[in-house]
Each structure stands twice: as structure tokens, then as C-alpha cells.
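Single-letter residue listing:
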Amino acid sequence: MRAQLALLPLYLTAHLQLTLCALLVGVAISVPLGVLATRIRRFEAPVMAIANITQTIPALALLAVMVPLLAAIGLKSIGFLPAFIGLVLYSMLPILRNTISGLDSLDDSLLEAARGVGMTAAQQLRLVELPLAMPIIVAGVRTAAVWTVGMATLSTPVGAPSLGNYIFSGLQTRNFSAVLLGCVAASALALLLDGLVRTLERAIRERRRNGVVGILLIFAALYVYTGITLARGWSAESTNRVVVGAKSFTEQYILSAILARQIEAETGVATELVSSLGSTVAFDALRTNQIEVYVEYSGTIWATIMKRDTRGAEREQVLREVASYLDQTMGVELVAKLGFENAYALAMRNADGDRLGVRRISDVVSFAPRLAMGGDYEFFARAEWEQVREVYGLEFRELRSMDPALMYQAAGNGTVDVIGAFSTDGRIKAYDLRVLEDDRHAIPPYDAIILAGAQLRTAQPQVIAALRQLAGRISAEEMRRMNQQVDQEGADPDTVARDFIGRVQ
Amino acid sequence: MIELLHLTKSYGATVVVADVCLAVEAGELLVLLGESGSGKTTALKMINRLIEPTSGSVRLDGEDVRVIPAYQLRRRIGYVFQRIGLFPHMTVAENIAITPSLLGWDSQRTWTRVDELLATVELDASAVKDRFPSELSGGQQQRVGVARALAAEPQVLLLDEPFGALDPLTRDKLQQSVVRIRSAQRLTAIFVTHDMVEALMLADRIAVMRAGRLVQIGTPHELLTAPADDYVAQLMGTPRRQAEVVDRLLARDGA
């Protein structure tokens, strides 16, 4: 818990940066757009339609879709930018809607009076319409502020740190006090901003100029803090540090920490962790040098990136071809294989296996129409699952996608009967599950491999050399034990990584 | 001098103001009299271009009002609104100072003028200056409305049923204020009302409108003694009938 609390200033600041920047830009776009829609009425319908549609996109999807979009136009697609743009889009609807309804609600006699005393259209807007609509516009900003704080917790998977890091990594590593800490901190921040904006709204309504100025000064101070920390972060980014990536499950948190500690111990070069990335997000980030090194699995590249047939793929051949493919097509180096395999595997309760006499995937085919199968978010969309289904002719009663952290538990308590598990996961043992043998070799091999980006290869060969020392150092047994330390015993991934580095040196 | 030349306004097939011609001499107060829907307010609003005419024109001291931008025209013409129209987010002083500040007066001159005007409309400057309009009574609000219209020292003042919503005593006091102000400042003014008594009390001349047309224009005396038609005769008869009722009541009480 103390280790988690130590991260709070970092995550809270990052969360505040995202929220405040998105709100500022959201207001700067939405208010003028709202004004325009009330001046030129034919803009109103399309503008509101776009804002409404944006709002109906699930928040996580809106953020996730920014990654390929930004990558396609050659911008930095991981980290602050995609989260920021997603949040700006999300903040727009309430501000836009309230700007339009605030301006529409004004008494005609006041608008006539404004013209009558000799105001131009611009003066009328600035001196009369906007000030009178301001309480309603600010109420829209308040709604947007609360939404944005909540949604910013979802920026973790696109590589922007936030209070969501507590929630995502806490869920994966079964550290529920971290999840709780993330939720409480996000709620507190939302309440704080809500309170500030509500006080501003009331001060404007009651025409207390000192109150308005006071709240605006508090916001100015928050923005100055945001600006300074952002500037400091960006200037630090240009200094010499290696960015290590991690996908969103326990093993990846541990391995990314191991890579970082190894680099620091051997070369003295500073590192930065970007955690909880989506699976293909991590690879795209490496390809575009936004992260510089992470651990991937050979079969994933083989099936998902190279789109090769997974049937009967032979372990050494897969490794060889993956290495030359990555090198030749995108300059990415396969630095080393760590020494263990973390394969996708079908698993079921030992008790059911005994009762039905199931050891191999072939054995489960006849029972499948009566069974429910669970998988993580990407499993049922992956080429490997397609192959398994085709090769064995599997047809389950239902397929249920769920969070990997909950999947093992679901199998353990009978919510689902078969799951798409990771073979190194400590929870297979913890929930008394058995891995079914892939007797017809539909699933490719999944050697854990360290991948390094093109830029890192040329700029820092000593880092590559340091990582190469990890080759063959982690056995499947060792990995399972480390996963279990985090998942079952509540250890911190970074502590487990330090212990490991201490042991091997 | 204000001239309305064949002024016409129609919305689709509905003609609201039909071919109105009249002239108001410098320093004169003309009352535009008519019932609601007679077109009197529309005619007034075409003078400072709050409404643009369908045809015909308005001349101010011989110059067509369309030659300068509407907002510049309006800064030269004081306007008192039927629904008062004070800006609720501005103090009394700020409301009065609007047109001068739009014209770029320096603040010294503006604030001196605000104090002067509050005295003119018989409000205690120190008591009301920094108040918001919602803190004033209806009568006080319209006094501020008159002050705002006079702020930029206009030669022309337009008043659109300014006292219609006020109680009789307040209305009476404000009418007396208007009489006093215009005799002191020699303003050319057009005053729209449907109230015969108000018209008779204030007007140099009265223009009677009905269904968009100008029925008769003349001094109160002319209208009383030589009404152009039955409608004007009837209209002029109302205050007399009311006065007779009051006289009878007085006589009976005295007996």
C-alpha cells in the first residue's frame, strides 16, 4: 500500500493534466461552435449531431480508436495525445448543448435593447448575450468536468498515465486496495472540480464579482501547475531515457520491471515505464519508436502480425522467421528469448476433466455444445482461436469475453466451463484447473521474446547488450512463481523484479 | 426634424404600416396614438431601424437614415423601451453608461454624465448607482431607462409606450418628468401610447393611427374640435366622458 501511495502524486498530476487540458480546449472549441450554431442556424443540426454521435461511442473505444488514427497521420499515437483528443471530444457535448440553450433562452426584449442602444452584433454577443448565458454555459462545463475526470481513468490503455493505472493494474494483479485507491482519488478529484465550478456558477448567477475572480484565480493556479509539470515532463522526455512498454497483465508488469531494472543496473541509463497497453497498441508503439523495448510472444507476431497459419508451426522455425520478418520489414530486433513459453491454452476444472474424462482438446469436442467458454477481450477475435475452432470443430454453447483477471475465477466457480488461459498463469493451479493438451497442434508456440525498436538499436547498442544478458534466464517455473507472488501473495511487481535481478547477478 | 415618407411595412400579405407620411419639427413632441395593432410601434421602430421598412423612407434632418450603419444611427437616437430592457447583469450606472462607452467617451466624462442624468430623472445617485436593476421598483427602473436613452446627448428621443406597465401615480410622476426634461433640453421626440390622457398631457401634436394608416395629425385642440372622422371623434370623446363622470361625482358629494 505504501508503494501504491508513493505513486499518487505522479498519477494525480497526470490525471489533472489530462483533465484540465481537455477541458480548456473543449471550452475553447465548444463555446465558439455553440455561438456559431446560434448565429447560422443551419450549422446547429450537423454540429449537434456530431457531438451526440461522439457521445454514444463507448469511452474506452473512443480513446482506443485515436491510436490507429493518430498513427495513420504520423503523429505520436501513444500517451498524452490520444487520451487528450478523446477527452476533448467527449467534453464537447455538454458545453456545446448548454452554450446553445443558454443563448437561446435570452429574453427578446434584452436583445432588442442591445441593438437599440447602438451595439454591433459582436458587441451584443460580448456585452450582453455571453454574460447572460454564462451561468448555463458554466453549468455545461461542470458536467463536462465530472465526465472528463471519470473518463480520464480510461487513458491508461493508450499509454497515458492516470489514476486509471491503479484500477487497471490493480484489477490484473488482484491488488484491490490499489483499485479502491484509484476510484477514491478519481471521485475526490471529480468532487473537487465539481465544487469549484459550481461555486463559480453561483457567483456568476448572484453577480458576486469577488467570488468569480477568486474561483478563476484558483483555476489559474491549477493551470499554472499543470503547465509547469507538463513542460517539465516534455523537457525530460528529450533527455536520454529508454521507454519500456508493458501489456495489461501481471506477467507483463513483472517483465517490464525486470527489463527496466536490468537496463539501469547494467548501463546506468534511466528508464520510463508505459504500462497496461493494449496488445496491438504495444506493438504499434514499438514500431513507431514510441516505446523502445517490451516483451512479446513469438506466436502472437506469427499469427496476428504476420498472419501465418498456426497449424503445426514448429518452435524454432517460428522464432527464426519472426526474427527475420521483424528485422527486414520494420527494423525491429528480436534481442533474446527469455527461456519460457506463455502459450494460449484451453483449461477446465480438474473435477470436470476427471468426471468427463477430458485430457486433450479432442476430448472436449463432443461435450462442447453443452459448455460455456470464457476468454479475455481479444481471445475470440484472434487468429489462434479461429484455427483451434476449425481444426477441432469446436462449437461451444456460448462464448463469453471477460477481464483476464476475472476469467480464472469464473472457471474456478463454474460460471464458465472452459477458458482460454495463459499457460504460465499461477491461477491455473490456484483454482485447480487443468491445461488441455493441444493434440492436433492448432496453437503456435509462444516463446517470450524481448523486442527492441529500430531507434534504440542504432542509438544505444549498450542497452541491447544489457538486455541480451537476460537470454534464457527465466524458466516457465520461475515465471509462474513470480506471477503467483504478485497475483496470490500481493507482492508488488517492481519488488518481484528487483528480487529477480538480485538473484541472477 | 424627422420625416416619414410613404413609410410601409408588410409581412407577407399583412400590411402593418401603410404609406405613412408625416414630419416632426425640431424640438416638437409628437404622440403616435392608436390601439394595439394599429402599427404605431412598428412605425416608431423603423425610425431607428430596429425594423427595416418594406418601402418608403425615413429622413433625419434631411438625411436618409439608411446612409449610415444602423448601430451608428441608434447611438444618435435615444430609445425608451416598452419592456424597459435594462441589462440585468449590469449596475444602474453601467446601464446608463452603455451608449457613451460604445461611442468611446472617456470615463471622467461618462461618469459625470451618469450622475447628472440620475439627478435629471430624480433618482438618488449614491443610493442606486451601484445597484442592479432587479433591486429597483418598476418606476425607478423606467427612470433609469429614460436616463439611458438620454445618456449620449441625442437630439432625438423615441419612447415606445414607456409607462404602460406602471401604476397610475408612478406614471403621472414620470409623465411630469418627461415634460420637464424636454422643455429643458429642447428634444425632438416621438412618444407612442394608446392612452388618450397621456397623449393630451404631453403632445405638441398628435398623430392618430388605425390599421396601419395615419388617420389624422394635428394639435390636441384641432383633434378635439375638428376630428377627421367618427373614429377620431370617439377617441377624443373618451377623456371628456371620463371627466364628466368625475365632475358628476364631485357635484353629488358637494351637494
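Residues numbered from 1 in each chain as written. Chains lettered and ligands numbered in written order. Predicted model: local features only at pLDDT ≥ 70, side-chain atom pairs only at ≥ 80, totals over all residues.

S.K.: What am I meant to see in the pairing of strand β3 (residues 29-33) of chain B here?
M.R.: It is a general feature of regular strands that their side chains alternate between the two faces of the sheet. Residue and element names in this part refer to chain B. Burial analysis of β3 places 5 of its 5 residues in the buried class, which makes it a mostly covered element. Residue alternation in β3 divides its side chains into two sets, Leu29, Val31 and Leu33 and Leu30 and Leu32, and both sets are buried. Where β3 and strand β8 (residues 188-193) come together, 5 bridges link them in parallel fashion. When the sheet's bridge partners are listed, Leu29 is paired in β8 with Ala189. Where β3 lies against strand β9 (residues 205-210), 4 bridges are found, and the strand directions are parallel. (Buried ≥ 20, exposed ≤ 12 C-beta atoms within 10 Å, placed from the backbone. Helix = DSSP H or I, 4+ residues; strand = E, 2+ residues; numbered from the N terminus. Pairing = 2+ DSSP bridges.)

S.K.: Sorry if this is basic, but what is going on with helix α14 (residues 315-330) of chain A here?
M.R.: Two residues of an α-helix separated by three or four positions point the same way, owing to the 3.6 residues in each turn. Residue and element names in this part refer to chain A. In this model α14 runs 22 Å from its N-terminal to its C-terminal C-alpha over 16 residues, within 8% of the 22 Å that 1.5 Å per residue would give. Three or more residues of α14 are buried, namely Val318, Val322 and Leu326. Down the axis of α14, the smallest arc covering the buried residues is 55 degrees, so these residues share one side. Turned more than 90 degrees from where α14 packs its buried face, Glu316, Gln317, Ser324 and Gln328 sit exposed. Tucked into the core, α14 has its buried residues touching α13 (298-305), β4 (333-341) and β10 (447-452). (Expected span 1.5 Å × (residues − 1). Arc of directions from axis to C-beta. Contact = placed C-beta atoms within 7 Å.)

S.K.: Explain the sheet that holds strand β4 (residues 55-60) of chain B here, please?
M.R.: One key point about sheets: their strands pair by backbone hydrogen bonds, in either a parallel or an antiparallel sense. All names here are of chain B. Pairing within the open sheet is antiparallel, and its 4 strands lie in the order β2-β1-β4-β5. Of all strands in the sheet, those bounded by a partner on one side alone are β2 (14-24) and β5 (63-64). Along the sheet face, helix α1 (residues 40-47) touches β1 (2-11), β2 and β4 and points at about 120 degrees away from the line of β1. (Axes fitted to C-alpha atoms, helices over the stretch in contact; angles between N-to-C directions.)

S.K.: Help me understand the environment of B:Gly56, please; the structure alone is not making it clear to me.
M.R.: Residue and element names in this part refer to chain B. As for its placement among the helices and strands, Gly56 is situated in strand β4. Since 17 C-beta atoms lie within 10 Å of it, Gly56 is described here as partly exposed. C-alpha of Gly56 to C-alpha of Leu5: the two residues are 51 residues apart in sequence and 5.6 Å apart in space. The contacts of Gly56, once residues within four sequence positions are left out, are Leu5, His6, Leu7 and Thr8.

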